[in-house]
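# Observations on the model geometry
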Amino acid sequence: MQNAPLHGKTALVTGSTSGIGLGIAQALAQQGADIVLNGFGDANEIKTLQAALMRNYGVKCVHHPADMSKPTEIAAMMAFAAEQFGKVDILVNNAGIQHTETIEDFPVEKWDAIIAINLSSAFHTTRLALPMMQAKNWGRIINIASVHGLVGSVQKSAYVAAKHGIVGLTKVTALEMAHTGITCNAICPGWVLTPLVQKQVDARAAREGLSDEAAKKDLVSEKQPSGEFVTPQQLGALAVFLCSDAAVQVRGAAWNMDGGWTAQ
Ligand SMILES: NC(=O)C1=CN([C@@H]2O[C@H](COP(=O)(O)OP(=O)(O)OC[C@H]3O[C@@H](n4cnc5c(N)ncnc54)[C@H](O)[C@@H]3O)[C@@H](O)[C@H]2O)C=CC1
Ligand SMILES: CC(=O)CC(=O)O
């Protein structure tokens, strides 16, 4: 795919063995980018994902299993990407977890894990990717925040704090790189039906005695006026736009794709 727009670029997407990260990795591969996958999962299933990306889009694809809560493993992943491809051009900070509980009952270890995975990991990948991007004066950093980087919801203290934090990190990265060819933006999705959200659907179904379908409808319509989930494919298309030349002056944005959630 010699003339694909992102041919010759390397994209590292954290947490890309599932959900939104996988959708974004697929969209970037479709545009010709070589891919570094990261995330947990069954080794054979991850090999199948890699093979499908290579077969479908004619790109190279490797996987690194770094745990995003561990700075030394993050450094090893960045070194691995540099060794495999010589650089990282596109960095998508996507890995994330959720835990819901009121502040007074929120387990301290869950707070620490959410801040480490959903926020601090993006600082570590960014500080290690920037010198590689600066060497080429080209780069795209996309932080997957959330509507919860813009507004709060009950029982999500750590998640909302981390997502507001990553929106702040996005702005500072964009400003520090403002005179370069490196942009940094955040994407703020509303509800997307992934394993992270299915857990919340299951909890709602159990709590309120609802079917899976009714619990999904309830969850979405409570916050998201469109009444429909956002999809990983739609988010992939937005990431592709942010990687394009047309988006070079989009800097430090927190771009919502949320079915109207934050318009209210
Ligand atoms: N699903 C949704 O409605 C929304 C999700 N988001 C954000 O999108 C991102 C992806 O979430 P989903 O695709 O929904 O979840 P998911 O559960 O489908 O995927 C999470 C990915 O992160 C990986 N991961 C988890 N812990 C990790 C760790 N310690 N180290 C490395 N990888 C790790 C998993 O292996 C998986 O690949 C998260 O940052 C989440 O906060 C934002 C807005 C809405
Ligand atoms: C909308 C999201 O980011 C997902 C969540 O709050 O669990």
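Since the model is a prediction, treat every value here as computed from it, not as a measurement.

### What to know about the site of ligand 1
Taken together, 30 residues surround ligand 1, and among them S18, N94, Y159, V192 and T194 come closest. In the environment of ligand 1, an oxygen atom lies 2.5 Å from a nitrogen or oxygen atom belonging to the side chain of T194. Considering ligand 1 on its own, with 830 Å² of exposed area, one finds that the protein chains cover 93% of that surface. Every element with two or more residues in the shell around ligand 1 is listed here: α1 (19–30), α5 (157–176) and α6 (195–208). Counting residues per element, the shell around ligand 1 draws most heavily on α6, which supplies three residues. For the shell around ligand 1, the residue count by class is 16 nonpolar, 12 polar and two charged. Each of two domains, domain 1 (10–190 + 230–257) and domain 2 (192–229), supplies a minimum of three residues to the shell around ligand 1.

### Some remarks on the site of ligand 2
Q98, S146, V147, H148, K156, Y159, W191, L196, Q200 and W261 make up every residue found near ligand 2. In this structure, an oxygen atom belonging to ligand 2 sits 2.6 Å away from a side-chain N or O atom of S146. At 2.7 Å, a side-chain N or O of Y159 approaches an oxygen atom of ligand 2. With the chains in place, 96% of the 240 Å² that ligand 2 exposes on its own is no longer accessible. Looking at the shell around ligand 2 residue by residue, the classes come out as five nonpolar, four polar and one charged.

### A closer look at the pairing of strand β1 (residues 10–13)
In summary, the side chains of a regular strand alternate between the two faces of the sheet. Neither face of β1 is open: one carries T10 and L12, the other A11 and V13, and all of them are buried. The handedness of the β1 to strand β2 (residues 34–38) crossover, carried by α1, is right-handed.

### Concerning the packing of α1 against helix α2 (residues 43–57)
Two measures define how a pair of helices packs: the angle their axes make with one another and the distance between the axes. At a minimum axis separation of 9 Å, α1 and α2 run at an interaxial angle of 25°. For the element pair α1 / α2, the angle class is roughly parallel. Of the two possible hands of crossing, α1 and α2 adopt the one that is right-handed. In contact with L22, A25, Q26, A29 and Q30 of α1, α2 contributes L49, L53 and Y57.

### Some words on the domain arrangement of the protein chain
The domains assigned to the protein chain are domain 1 (10–190 + 230–257) and domain 2 (192–229). Taking only C-alpha atoms into account, the centre of domain 1 sits 25 Å from that of domain 2. Listed by partner, the interface residues are 17 residues for domain 1 and 10 residues for domain 2. Across the interface of domain 1 and domain 2, roughly 820 Å² is buried in total on both sides, 56% from carbon and sulfur atoms. Broken down residue by residue, the surface that domain 1 buries against domain 2 is led by Q98, G190 and V230, which jointly contribute 47%.

### Thoughts on the sheet that holds β1
An order of β3-β2-β1-β4-β5-β6-β7 is seen for the seven strands of this open sheet, with the pairing classed as parallel. Only two strands of the sheet have a single neighbouring strand rather than two, namely β3 (61–64) and β7 (254–257). Each strand axis lies, on average, 20° off the axis of its neighbour in the sheet, ignoring direction. Note: strand β5 (residues 139–144) against strand β6 (residues 182–189), six bridges, orientation parallel. Across the sheet, the residue bridging to N143 is A186, located in β6.

### Some details on the environment of L193
Looking at the element boundaries, L193 is found in the loop between β6 and α6. In this structure the C-alpha to C-alpha distance between L193 and V230, which are 37 residues apart in sequence, comes to 7.6 Å. Not counting residues within four places of it along the chain, the set of residues in contact with L193 comprises Q198, K216, F229 and V230.

### Here's the deal with the pattern of salt bridges
Under the counting rule described, the total for this entry stands at six salt bridges. Of the charged contacts in the structure, one is a salt bridge between K216 and D212, with a shortest N-O distance of 2.6 Å. A residue pair is termed a helical-turn pair when its members lie 3 or 4 positions apart in one helix, as K216 and D212 do in helix α7 (residues 212–223) at four residues. Taken together, the salt bridges that share partners define one network made up of R204, D218 and E222.

### Regarding the packing of aromatic side chains
Here the structure, examined in full by the defined rule, presents two aromatic pairs. When the ring of W191 is compared with that of W261, the centres are 5.5 Å apart and the planes differ by 45°; the resulting orientation is tilted. Here the residue W191 occupies a position in the loop between β6 and α6, and W261 occupies one in the segment after β7, the gap between them amounting to 70 residues. Overall, the relative accessible area of 7% leaves W191 in the buried class. Judged by centre distance (5.9 Å) and plane angle (75°), the rings of F241 and W255 are edge-to-face. Taken together, the residues F241 in helix α8 (residues 232–242) and W255 in strand β7 connect sequence positions 14 residues apart. The class of F241 is partly exposed, set by a relative accessible area of 31%. A relative accessible area of 34% places W255 in the partly exposed class. In this arrangement the basic side chain of K9 is found over the ring face of W138, its NZ or CZ atom lying 4.0 Å from the centre.

Basis of the calculations
- Numbering of residues starts from 1 in each chain and follows the order in which that chain's sequence is written.
- For this description, chains carry letters from A and ligands carry numbers from 1, given in the order in which they are written.
- Local features are withheld for residues below a pLDDT of 70 in this predicted model, meaning they are given only at 70 or higher, and side-chain atom pairs are given and counted only at 80 or more; totals for whole chains, interfaces and linings count all residues.
- Calculation of side-chain values draws on the structure's entire complement of heavy atoms; hydrogens and water are dropped beforehand.
- Nearness of a residue to a molecule or strand requires only that one of the residue's heavy atoms be within 4 Å of it.
- Whenever a nitrogen or oxygen atom comes within 3.5 Å of another N or O atom, the pair is scored as a polar contact, on the condition that within protein one atom can donate a hydrogen and the other can accept it, and that pairs from neighbouring residues in sequence are kept only if both atoms are in side chains.
- To measure how exposed things are, a 1.4 Å probe is used in the Shrake-Rupley method; for residues, cover is taken only from the protein chains shown.
- Helix numbers and strand numbers start at the N terminus; a helix is a DSSP run of H or I with at least 4 residues, a strand a run of E with at least 2.
- Amino acids outside the nonpolar list (Ala, Val, Leu, Ile, Met, Phe, Trp, Tyr, Cys, Pro) and the charged list (Asp, Glu, Lys, Arg) are all regarded as polar, and Gly is one of them.
- What marks off one domain from the next here is an automatic or database domain assignment.
- We call a residue buried when its accessible area falls under 20% of the maximum for its residue type, exposed when it is over 50%, and partly exposed in between, using a 1.4 Å probe and counting protein chains only.
- With its strands directed away from the observer, a crossover is right-handed exactly when the path from the first strand over the helix to the second travels clockwise.
- What counts as an axis is a line fitted to C-alpha atoms, over the stretch in contact for a helix, and the angles between N-to-C directions run from 0 to 180 degrees.
- Throughout, the term roughly parallel applies to angles under 35 degrees, roughly antiparallel to angles over 145, roughly perpendicular to angles from 65 to 115, and oblique to all others.
- Throughout, a crossing is termed right-handed when the near helix is turned clockwise from the far one, and left-handed when it is turned anticlockwise from it by less than a right angle.
- Contacts were defined at the residue level, with two residues in contact if any of their heavy atoms lie within 4.5 Å.
- Using a 1.4 Å probe, buried area is obtained as the accessible area two parts lose upon being combined, added over both of them.
- Only strands that DSSP links by at least two bridges are regarded as paired with each other.
- Salt bridge, as used here: a side-chain nitrogen of Lys or Arg that lies within 4 Å of a carboxyl oxygen of Asp or Glu.
- The rule is short: rings of Phe, Tyr and Trp, with Trp giving its six-membered ring, pair when the centres are within 6.5 Å, and they are stacked under 30 degrees, edge-to-face over 60, tilted in between.
- Charge-over-ring contacts are defined here by two conditions on Lys NZ or Arg CZ: a distance within 6 Å of the ring centre and an angle within 35 degrees of the ring normal.

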